[in-house]
Structure formats: structure tokens, C-alpha cells
Amino acid sequence: CFRSAVLICRNYKGDVDMAEIDRFLPLLMQHEEEGLLCPVLSHGKVHFMWIKHSNLYLVSTTNKNSNASLVYSFLYKIVEVFTEYFKELEEESIQDNFVVVYELLDELMDFGFPQTTDSKILQEYITQEGAKLEVGKSKVPTTVTNAVSWRSEGIKYKKNEVFIDVIESINVLVNANGSVMSSDIVGSIKLKTMLSGMPELRLGLNDRVLFGLTGRDKGKTVVMEDVKFHQCVRLSRFDSDRTISFIPPDGESELMSYRINTHVKPLIWIESVIEKFSHSRVEIMVKAKGQFKKQSVANNVEVRVPVPSDADSPKFKTSTGQAKYVPEKNMVVWTIKSFPGGKEFLMRAHFGLPSVENNELEGKPPVTVKFEIPYFTVSGIQVRYMKIIEKSGYQALPWVRYITQSGDYQLRTNV
């Protein structure tokens, strides 16, 4: 882990000379100058697999044909754990916490094999307060040697609840003629678990991946791709009967993520007309229409409209919301707090232009939109049931919330 010099280093197997890391930065700079930069750099028999975070490079060295996906997953896991511990992962946080960093590196990996990588479990016995460590935690928690390494035993809550968030981000690219060029949905199911003991949870969804094997694929179903589960999910059970069965981590976690590659009708449609009057002014008219169900409402909508870099003296007129000129980004931001489905709103903007023409060639940035629609998913995915089974037999309440939000949402313009 280093910036311009090695900050901290750990040799797990001893089969690569520690001095090899000194070759990494010159090699990186050389490849960068030649325009040949790639995630894996090699010098002789030594391979450097690296990622950059903030002002740091995290580098793994190997002289074998290692599993690259495992190495990169581990490097990103280091970033996640260190960020949990130090809030910000940068040079100063490493220098201020050398002892804790070395302890973490020793627990995260053993002889080149990843071990305990859950920050909540690590925080049970590696703290940033050394004096308390000796008194309070003299033995390693059972979670480290337990089959359920992501959850501690003996957790107790007065009120047992599970909060389930189904969050979908919409990525849309619309060309200047109004045709959808590309679109997809990136979704995740997030949990906030406040359950006592060691409960078994079973989650039922309405997607075709789950019902395909049982033949119950009638009705409204969703085809998922790139499905990725948290380590707590029993994959063998999922493979056999498509049941999502798991013992959940305590607190917040992402149970699964997925992608749906489908044609998505833009939920907020934008029509923009930009007229330039030479050497005097530019007039902009933007119409926004909600193309989702009337009973739904989009919150905190932002329509970002590009304007010429030399524009000045802005004047606005809106049928709802507020428009603001952001000169440092060469754009108008039109904010609508509440946007009901099926409604149309207008925004007009007037800018002055300098008498001397700007000879610089400017691109045609797209109009971008930000929004969030609660109680709604584009894919139609639904949580059918959540069964909570615990040996003490307590009753628990599952709460489900659906949110659709904008991802990379762009509409190109003619002007």
C-alpha cells in the first residue's frame, strides 16, 4: 500500500522478494506514458495486480498464475474494511494507524488465503483502543472459527424486525431523435436486520430465476442477469429449488444485486429546444413529462440542461419548481421537489451572449436527470414473502420498501 513510496507491506508467503515492490511505480509510469496502462503489470516473473483508491495504490505481487478475480476482490475488500475502521482511507490514516493496519492484514489473510473479511466481526476483537483490547477481549470470538463467520452469537433485541429495501437504478441513453439507444436496470436488495439469536430467513421473490425450475413461471415475472449474493446465502439450496435461504448478518448488509437488460421507457421524458441568436442571446425551453403511473410521485427531481460557456445574465420562468444557473458547470439546474406521474411542466431560460463570438468548438453535452420514486419498481419485482424461523419461536416483523432512482440517465440534444 503506497503513494510515492511504500507505506506498509506484508509478505504472506515469502516467495516474492520484498524489494520487487520498488519496481512497481517506475513500471506504472512507463506504461502510463506509453498509453499501455492495464490492471496487471509484469516485471520478469513477478506480476503486479493493483487498484487505486484516493491517493493510494494497493498492490498485490505474485510469481504464479494466481486467480486474478480473487486478488482484486481481496484488494477491494481491504479498501472496504479500512474505510469502515478509519472513515477515510488515505496516506494519513495509514500512517496514524500502523499497528491496527498490521493486525488487520494478519487477520484478513493467512499464507495467501483470505480469512476473516467481515469488518463487523473484525471490530469485535481488533479495536483502535489497545488498552481496552487486553481487558475486554482476551479471547477470539467464536465467529472467527464458526461456520457462520458473518454473525455473532448471543445477539438480543427487545423488538425483532427486518427492513428490506428493493432499490433499482435506471440507466437510459436517448439520442437526439428521441430513440432509446440503450437501457438497463441495476437492482439490489438491502437488509437492515434487528433479530435476536441465530435466525434462519427465507425470502421469496417473483422473478423467473426463482420459479423456472418449479414450472410456476406464469404471471408477471422478471428475468434477472448477473445475480450476485451475499456470502450468507446458501447457494446449494438456491441451485436446487431457487429458495433464498440464509442466516443474516446483524445490522445493514446487501443481500443480493442483479441487472435486468431490458428496454426501459424513460420515466421522465425531456424535450428541449435551444435557440441561439447570433451575438445577442440564447433561449431555452424545456418540457418535462412524467411517464409513470399517476398514483406515483417522483421526489427531488433535477433536470440539468447544458448552456454555452460564455452565456450570462440568466432569466428563468418555470411552471413549477426552481431553476438556477450553475456557471462553473455551464448548466441550468431545474429542481422539482414533487413530480406526480402523468404531469407536464415547463421551464424557460433566457441568457445573454457576448458580442464577440466564441471561436472555441464546444461539444453537445446531454441533458441529465436525477430523481427518486418511492413505492415503485420498474421491473415489477416483488417480495412475495419473508419467513423468519428461530428456535426460541419469537414473532418478527418484516418491512418492505421499494425505490426506483435514476442511474446514468442521459438525453442527447440537437443543439
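Residues numbered from 1 in each chain as written. Predicted model: local features only at pLDDT ≥ 70, side-chain atom pairs only at ≥ 80, totals over all residues. Heavy atoms only, no water.

Participant: Before we move on, could you go through the environment of Gly-407 and cite the residues and values that matter?
Facilitator: Positionally, Gly-407 belongs in strand β21 (residues 397-411). A relative accessible area of 36% means that Gly-407 is categorised as partly exposed. Once you skip the residues sitting within four places of it in the chain, Gly-407 turns out to touch Ser-169, Ile-170 and Asn-171. (Helix = DSSP H or I, 4+ residues; strand = E, 2+ residues; numbered from the N terminus. Buried < 20%, exposed > 50% of the residue type's maximum accessible area, 1.4 Å probe, protein only. Contact = heavy atoms within 4.5 Å.)

Participant: Describe in detail the pairing of strand β1 (residues 40-43), supporting the description with residues and values.
Facilitator: Where β1 lies against strand β2 (residues 46-53), four bridges are found, and the strand directions are antiparallel. Note that in β2 the partner of Val-40 across the bridge is Met-49. Connecting β1 to the next strand, β2, in antiparallel fashion are two residues, including Gly-44 with a positive phi near 65°. (Pairing = 2+ DSSP bridges.)

Participant: Got a sec to walk through the environment of Gly-14? Specific residues and values, please.
Facilitator: Of note, Gly-14 is situated in the segment before α1 (24-33). Taking the C-alpha atoms as reference, Gly-14 lies 9.9 Å from Gly-112; in sequence the two are 98 residues apart.

Participant: Any details on the packing of helix α2 (residues 68-86) against helix α4 (residues 98-108)? Residues and values, ideally.
Facilitator: Their axes nearest at 12 Å, the elements α2 and α4 cross at an angle of 140°. Compared by their axis directions, α2 and α4 come out oblique. The hand of the α2/α4 crossing is right-handed. Judged by residue contacts, Phe-74, Ile-78, Val-81, Phe-82, Tyr-85 and Phe-86 of α2 engage Val-100, Val-101, Leu-104, Leu-105 and Leu-108 from α4. Taken together, the residues that form the contact of α2 with α4 break down as eleven nonpolar, no polar and no charged. (Axes fitted to C-alpha atoms, helices over the stretch in contact; angles between N-to-C directions. Parallel < 35°, antiparallel > 145°, perpendicular 65-115°, else oblique. Left-handed = near helix turned anticlockwise from the far one by under 90°. Nonpolar A, V, L, I, M, F, W, Y, C, P; charged D, E, K, R; others polar.)

Participant: Talk me through the confidence of the model for the chain; I want residue IDs and the actual numbers.
Facilitator: Across the chain, the average pLDDT comes to 85, with 87% of residues at or above 70. The low-confidence segment residues 130-139, where pLDDT is below 50, has seven contacts with residues more than four positions distant or belonging to other chains. In this model residues 210-218 is a low-confidence stretch, pLDDT under 50, and it forms 13 contacts with partners more than four residues away in sequence or in other chains. (pLDDT = per-residue confidence, 0-100.)

Participant: Which residues make up the sheet that holds strand β12 (residues 268-277), and what are the values?
Facilitator: What holds strands together in a sheet is hydrogen bonding between their backbones, with the strands either parallel or antiparallel. Spatially, the four strands line up as an open sheet ordered β12-β13-β18-β15, and their pairing is antiparallel. Edge positions in the sheet fall to β12 and β15 (312-318), since each has one partner strand and no second. Along the sheet, successive strands turn relative to each other by an average axial angle of 15°, direction set aside. Bridging between β12 and strand β13 (residues 281-290) involves ten bridges; their strand directions are antiparallel. Residue Ile-270 lies in a different strand from β13, and its bridge partner there is Ala-288.

Participant: How would you summarise the pattern of salt bridges if you had to cite specific residues and measurements?
Facilitator: Tallied over the full model, the rule gives 13 salt bridges. Of the charged contacts in the structure, one is a salt bridge between Asp-15 and Lys-64, with a shortest N-O distance of 3.0 Å. Note that Asp-15 is positioned in the segment before α1 and Lys-64 in the loop between β3 (56-62) and α2, a separation of 49 residues in sequence. Lys-64 gets classed as partly exposed once you look at its relative accessible area, which sits at 47%. In this structure, Asp-165 engages Arg-401 in a salt bridge whose closest nitrogen and oxygen atoms are separated by 2.6 Å. Highlighted residues: Asp-165 in strand β6 (residues 161-174) and Arg-401 in strand β21, separated in sequence by 236 residues. Exposure remark for Asp-165: the relative accessible area of 17% places this residue in the buried category. Overall, Arg-401 belongs to the partly exposed group, its relative accessible area being 43%. Counted as one network, the salt bridges with shared partners bring together Glu-225, Asp-226 and Arg-259. (Salt bridge = Lys/Arg side-chain N within 4 Å of Asp/Glu carboxyl O.)

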